[in-house]
Amino acid sequence: MSATQPAPLFGANVDPSAREPREPFERARLADDLGLDLIGVQDHPYNPAFLETWTLVAALATATRRVHVLTNVLSTPLRPPAMLAKAATTLDVLTGGRVELGLGAGAFERGIVSFGGAFGSPAERYKAFKESLEIIRGMWASAGGTFSYAGEVHRLDGAQPGPAPAHPIRIWTGALGPRMLRLTGSLADGLLVSSTYVRTEQLPEFNRLLDEGAAAARRPPTAIRRGYNVMGLIEDGNVRLRAGRPGLLAGPPGWWVDELVRLYRDLRQDTFIFWPVAGDERRQVETFAREVAPAVRARLAGAAQDEHAP
C-alpha cells in the first residue's frame, strides 16, 4: 500500500428494489456483519420498481451497526441542496457518523422532468450542481449560525442549519465530463464511476482531470478518493458470466483479488463497490467480503511493509 494513497475501502451494492422489501436489509446486515466499509444505493425515484433511496438509506442505517451508508448517487435536480444538507446531517447524528453523500447532476431527462425536476443544458446542469455542492458545504460549515447564498439557480437567506454532522461527511460525485471531474477535484471528496460506463483504460484520464481540479484548489490529489463500482460476477464451478455487456468483470475469487490490486496500484482506484449482476448475489457479496476484500487488504499491506523494510 502506497504511503501517498488512501487505504482501500470495500463495499456492496444494495438495490432499492420494491419487489422484495426485506432483501435490501438482509444484504446490508450481511455487509455490516462481514466487515465491509460501505453499502451503496442507487437513486432512480422515477423507476416504479424502486423504493425512494434516501428513505431506504435512512432505514438501512438504523438497521446496521458499523457500516457506512452511501447514496450512489442522488439526483440533485430532485433534491433541494439545503434540505439535503439538513437530512444528511440528521442521519449522520443519528448513526454516530456513518453517512457518505454521493451526488449527481442527473442524467435521465425524461424521468427527472416527469417528477418536476429541472433539466437544462449541460452548462445549466453544471452550474446548478456546483451551487448545490457549495450550499451543502456552506450549511455544514455554518452549524450553530446562519447561512446565506446568492446563486443563479439557488438562493438562501439566513438559513439556520442547526447541529453539525457527527463526522466530516464525504461528498462523492458521479461525474463523467471534464468540467465535472475538475469540479470534483476542487470541491468534493471522492468520485464514483461504474465499470460498465467507465472502462479501465479511461481511468488515467479521469485521474488527470481530478488532479487538475485539486491543484487548482490547492488540494493534494490524495484528498479525492477514487471509487469504482465493480460490476460483474465472482465465478465458481457452477456459474459463469456469458459474454455481453462491456465492462462487466468476471472470474474466480483469486482473479478478483489480482484485478483489484492492479486497479489500486496501477490506476489509483481506492474504493471498490461490488455490484453482482448474476447468480446468487447474496452468496457473491459474502464471497467478496470473506475472501476478496481481506486478501486485497493483506496484499497491499504486505507490499507497503516491503517498501519500508530496511
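Each chain has its residues counted from 1, following the order in which its sequence is written. At least 70 in pLDDT is required for a residue's local features to be given in this predicted model, at least 80 for side-chain atom pairs to be given and counted, and no such filter applies to totals for whole chains, interfaces and linings, which use all residues. Side-chain calculation: all heavy atoms of the structure are included, whereas hydrogens and water are not.

Trainee: Go over the overall build of the protein, please, and point to the residues and values.
Mentor: Secondary structure counts use DSSP, requiring at least four H or I residues in a row for a helix and at least two E residues in a row for a strand, with both numbered from the N terminus. When you go through the protein residue by residue, the secondary structure sums to 9 helices and 12 strands. Whereas a compact globule of 310 residues would reach a radius of gyration of roughly 19 Å, the protein reaches 19 Å, a difference of no more than 12%. Dimensions along the principal axes, computed over C-alpha positions, put the protein at roughly 60 × 50 × 35 Å. Burial here depends on accessible area, computed with a 1.4 Å probe over protein chains only, as a share of the maximum for the residue type. Under 20% is buried, over 50% is exposed, and the range in between is partly exposed. Taking all 310 residues of the protein together, the buried fraction comes to 51%. Any two residues having at least one pair of non-hydrogen atoms within 4.5 Å are treated as being in contact. For the protein, contacts bridging at least 24 residues in sequence account for 72% of all contacts bridging at least 6. Counting rule applied: Lys, Arg positive; Asp, Glu negative; His and chain ends not counted. A charge is said to be at NZ when it belongs to Lys, at CZ for Arg, at CG for Asp and at CD for Glu. Taken as two groups, the 35 positive and 34 negative side-chain charges of the protein have centres that lie 2 Å from each other. The size measure is the radius of gyration over C-alpha atoms, and the globule rule it meets is 2.2 Å times the number of residues to the 0.38 power.

Trainee: Tell me what's going on with the pattern of salt bridges, and back it up with residues and numbers.
Mentor: Any Lys or Arg side-chain nitrogen found within 4 Å of a carboxyl oxygen on Asp or Glu counts as a salt bridge. For the coordinates displayed, the defined rule picks out 25 salt bridges. Measuring nitrogen to oxygen at the nearest pair gives 2.6 Å for the salt bridge that ties Arg 282 to Glu 26. Of this pair, Arg 282 sits in helix α9 (residues 281–308) while Glu 26 sits in helix α1 (residues 23–33), and the two are 256 residues apart along the sequence. Taking relative accessible area as the criterion, Glu 26 reaches 35% and is therefore assigned partly exposed. For Arg 137, the salt bridge identified is with Asp 189, shortest N-O distance 2.8 Å. Pair noted here: Arg 137 is in helix α5 (residues 122–141) and Asp 189 is in the loop between α6 (178–187) and β9 (190–194), with a separation of 52 residues, a long-range link. Since its relative accessible area comes to 27%, Arg 137 is described here as partly exposed.

Trainee: Go over the packing of α1 against helix α2 (residues 53–62) with me, naming the residues and quoting the values.
Mentor: For the pair α1 and α2, the least separation of the axes is 10 Å and the interaxial angle reads 45°. By the criterion of interaxial angle, the relationship of α1 to α2 is oblique. Seen from above, α1 lies across α2 with right-handed handedness. Together, Pro 24, Phe 25 and Ala 28 of α1 and Leu 56, Ala 59 and Leu 60 of α2 make up the contact between the two elements. Following the grouping adopted for this structure description, the nonpolar residues are Ala, Val, Leu, Ile, Met, Phe, Trp, Tyr, Cys and Pro, the charged ones are Asp, Glu, Lys and Arg, and the polar ones are all others, Gly among them. In terms of residue class, the contact of α1 with α2 is made up of 6 nonpolar, no polar and no charged. To obtain each axis, a line is fitted to C-alpha atoms, and for helices this fit is confined to the stretch in contact; angles are then taken between N-to-C directions over 0 to 180 degrees. Here roughly perpendicular refers to angles of 65 to 115 degrees, roughly parallel to angles under 35, roughly antiparallel to angles over 145, and oblique to all remaining angles. Take the far helix as your reference; a near helix turned counterclockwise from it by less than a right angle gives a left-handed crossing, and one turned clockwise gives a right-handed crossing.

Trainee: Report on the nonpolar core, specifying residues and quantitative values.
Mentor: Nonpolar cores were defined as sets of buried Ala, Val, Leu, Ile, Met, Phe, Trp, Tyr and Cys residues, with membership established by side-chain atoms within 4.5 Å. Within the largest apolar cluster, 74 residues are counted, with the highest numbers of intra-cluster contacts made by Leu 36, Leu 101, Leu 103, Val 230 and Leu 260. Apart from residues lying up to four places away in sequence, Val 230 is in contact with Ser 195, Leu 249, Trp 256, Leu 260, Leu 263, Phe 272, Ile 273, Phe 274 and Trp 275. Counting 6 residues, the second largest nonpolar core, distinct from the first, contains Leu 38, Val 73, Trp 172 and Ile 273.

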